[in-house]
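Chain by chain, the residues:
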Amino acid sequence: MRKILALLLLSLFPVLSFAQLRLVRENRQVSMNDAVPKGNYSGIAHIDSTLYAVVSDKSDIDGFYLFDIVTDSLTGEVTAVYNRGFRGDSTLAGGDCEAIVYLAPSNTFLVAREADNRVVEFDIDGKLTGRELKVPDMFRYSGNGNARGNYGFESLAADEATGLIWTVTESTLSSDGLAATSVNGIKNRLRLQSYGYSSFQPIAQYAYLMDAPTANADSRNYAMGVSELTALPDGRLLVLEREFFVARNYLGSYVVNKIYEVNPSDGTPVSASEPLNADSPYLAKRLVCEFETKLSLVSRSIANYEGMCLGQILADGTRSIVLVSDSQNRYRGVLRDWVKTIVVE
């Protein structure tokens, strides 16, 4: 009888099959202004120990910075940042580079160019290798593409253990419906696209439904979308949903950041030829961490977090996750280049 009741309860209340991440600690954000050039830092990848590769979406040429980001071995809090310089390729520029991942076996990097939604490979010296992901045409801006301008690829994730690379557009493809704005309350419908880690060929797509916007007012500027992905070694993904509301007179502007956990292996792939709708099989998601930054008379903490990656494993076995913000070149001396960590287990 107990067995029958248990099966009945499971059928009524399905449980996510993966072990859930637990937030151990959310650390304060730390300004990098004194340590790095002012920039538009929108993607970060962990290489080894304290060494990270970081992309800025307004670099003169495409490439990446190398930063040392030192964290406390007990708390995971950032204690120091050092700039090791920029590495790029003068044959490619204007890419609006928004995301980066490190591929350890080849000692190379993939960088997402939102300008044309290409994902190209660089070697450790910042030179193009000639390889890139075979991005499906539907993610292009023209021809058979459905991506909205400036709402293309902001995210990249890769994991050698699963043999997968992941991308997603920041906002809804035009073929899948309307994009969220500060006044329409629409939830963005996105497609998580996987690729082979070695082949760079597309494999499968999964539907992802964002939360509804918190905003309900006209804005000077507004950005609502997924700004980053991070892959975990067991196949799960962390998804950074970011809502950036810029008030008409700037004061009252805010950014809502939410980090969700999803497991594509528990989901159902979707067809590239069928538009997403309310009944599409969206991945189950679980909130890991949520935080808000603001611009007000008493607070200038506002930070538009666009980069996220796994950081170092701490002394107690927990894992840090590192985030960097896009300051728009420290816009008008108000915005800062922030770095922040959270700790999970």
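Check the entry above for the structure.
Just so it is clear, the model here is predicted, and its values are computed rather than measured. (Residues numbered from 1 in each chain as written. Predicted model: local features only at pLDDT ≥ 70, side-chain atom pairs only at ≥ 80, totals over all residues. Heavy atoms only, no water.)

Lay out a nonpolar patch on the surface with the relevant residues and their values.
On the surface, L251, L297 and V298 cluster together into a nonpolar patch covering about 380 Å² of accessible area. Judged by its relative accessible area of 82%, V298 falls in the exposed class. (Patch = residues over 30% accessible without salt bridge, like charges linked within 9 Å, V, L, I, M, F, W, Y side chains within 5 Å. Areas by Shrake-Rupley, 256 points an atom, 1.4 Å probe, with all protein chains shown as cover. Salt bridge = Lys/Arg side-chain N within 4 Å of Asp/Glu carboxyl O. Buried < 20%, exposed > 50% of the residue type's maximum accessible area, 1.4 Å probe, protein only.)

A description of the sheet that holds strand β11 (residues 153-159) should follow, citing residues and the corresponding values.
Taken in spatial order, the four strands line up as β11-β12-β13-β14 in an open sheet, and their pairing is antiparallel. Each edge of the open sheet carries a strand with a single partner, namely β11 and β14 (202-209). With strand direction ignored, the average angle separating the axes of adjacent strands in the sheet is 20°. (Pairing = 2+ DSSP bridges. Helix = DSSP H or I, 4+ residues; strand = E, 2+ residues; numbered from the N terminus. Axes fitted to C-alpha atoms, helices over the stretch in contact; angles between N-to-C directions.)

So what's going on with the packing of aromatic side chains? Residues and values would help.
By the definition in use, this model includes 13 aromatic pairs. Between Y65 and F86, the aromatic rings sit 5.0 Å apart at their centres with planes inclined by 65°, giving edge-to-face as the arrangement. With a gap of 21 residues between them, Y65 in strand β5 (residues 62-71) and F86 in strand β6 (residues 78-89) connect regions that are remote in the sequence. Given the relative accessible area of 15%, Y65 is considered buried. Consider the rings of Y222 and F245, whose centres lie 6.5 Å apart with planes at 75°: the pair is edge-to-face. With Y222 in strand β15 (residues 221-231) and F245 in strand β16 (residues 237-247), this pair connects stretches of sequence that are 23 residues apart. Here Y222 falls in the buried class, since its relative accessible area comes to 13%. One aromatic cluster is present, built from ring pairs that chain together Y41, Y65, F67 and F86. (Phe/Tyr/Trp six-rings, centres within 6.5 Å; stacked < 30°, edge-to-face > 60°.)

Now, about the pairing of strand β17 (residues 250-262): what can you tell me, with residues and values included?
In terms of burial, β17 is a largely internal element, 10 of the 13 residues being buried. Linking two consecutive strands that pair antiparallel, namely β16 and β17, is a turn of two residues. Of the strand pairs in this sheet, β17 and strand β18 (residues 285-294) are connected by nine bridges, and their pairing is antiparallel. Residue pairing across strands places Y260 opposite L287, the latter belonging to β18.

Go over the nonpolar core, please, and point to the residues and values.
Membership of the largest hydrophobic core comes to 25 residues, with the highest contact counts inside it found for W166, L192, Y208, V226, L229 and L237. Among the secondary structure elements, those contributing two or more residues to this core are β12 (164-169), β13 (189-196), β14, β15, β16 and β17. Of all the elements, β15 adds the most residues to this core, at five residues. In this structure, L103, L110, L156 and Y195 belong to the second largest nonpolar core, which totals 19 residues. (Core = buried A, V, L, I, M, F, W, Y, C linked by side-chain atoms within 4.5 Å.)

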